[in-house]
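# Residue-level structural notes
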Amino acid sequence: MRNPFHALGPQALGPQDRALLWSRLRRPVRTFLALLALLAVNVTLGATRPFAQAWIVELAVVAVMAAIIILVSMEVRHEAPLVRLFAGVGFFWVAILFGMTLTDYLAR
């Protein structure tokens, strides 16, 4: 089966279309690159253990990653205040559950 856009050639998008496409893709690309950079920091800290309390920095990096995902990918910052409240409460509840699980594992 032939590609229906093959006949259009490389000039299928004009300069205005490319500018519009880039303006729409700018935020997701920057978000992706920020998450990759934070992942690289986390993996580097986990692989090298430069100091004893590196886990505190790793938890901070994970919290920043979660905040980026909530605010940018889930677009909570553009929602009504009630939606933002419930998103924050849900994030807090997940933090409590992880904290209790971590406490159980560290106490054994």
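Structural data are supplied above this passage.
Figured I'd write up the structure that's included with this text. (Residues numbered from 1 in each chain as written. Predicted model: local features only at pLDDT ≥ 70, side-chain atom pairs only at ≥ 80, totals over all residues. Heavy atoms only, no water.)

Attention now moves to the overall build of the protein. When helices and strands are counted, the protein shows three helices and zero strands. Along the protein, from the amino end to the carboxyl end, the secondary structure elements read α-α-α. Buried residues in the protein amount to 10% of all 108 residues. Accessible area of the protein: about 9,100 Å², with a carbon and sulfur share of 71%. (Helix = DSSP H or I, 4+ residues; strand = E, 2+ residues; numbered from the N terminus. Buried < 20%, exposed > 50% of the residue type's maximum accessible area, 1.4 Å probe, protein only. Areas by Shrake-Rupley, 256 points an atom, 1.4 Å probe, with all protein chains shown as cover.)

Charged atoms that come close allow side chains of opposite charge to pair. Within the structure shown, the criterion is met by one salt bridge. Linking Arg108 and Asp104 is a salt bridge whose minimum nitrogen-to-oxygen distance equals 3.3 Å. Note on Arg108: relative accessible area 76%, which makes it exposed. (Salt bridge = Lys/Arg side-chain N within 4 Å of Asp/Glu carboxyl O.)

You can see Glu58 is positioned in helix α2 (residues 54–73). Buried within the structure, Glu58 lacks any salt-bridge partner; its nearest side chain of opposite charge belongs to Arg49, at an N-O separation of 4.1 Å. When sequence neighbours within four positions are dropped, the list of residues in contact with Glu58 reads Asn42, Leu45, Gly46 and Arg49. (Lys, Arg positive; Asp, Glu negative; His and termini not counted. Contact = heavy atoms within 4.5 Å.)

Here we come to unusual backbone geometry. Phi is positive for Arg49, which is not a glycine, with a value near 50°. With respect to the helices, strands and loops of the structure, Arg49 is situated in the loop between α1 (15–48) and α2. The phi torsion at Glu75 lies on the positive side, around 55°, for a residue other than glycine. Tracing the chain through its elements places Glu75 in the loop between α2 and α3 (81–107).

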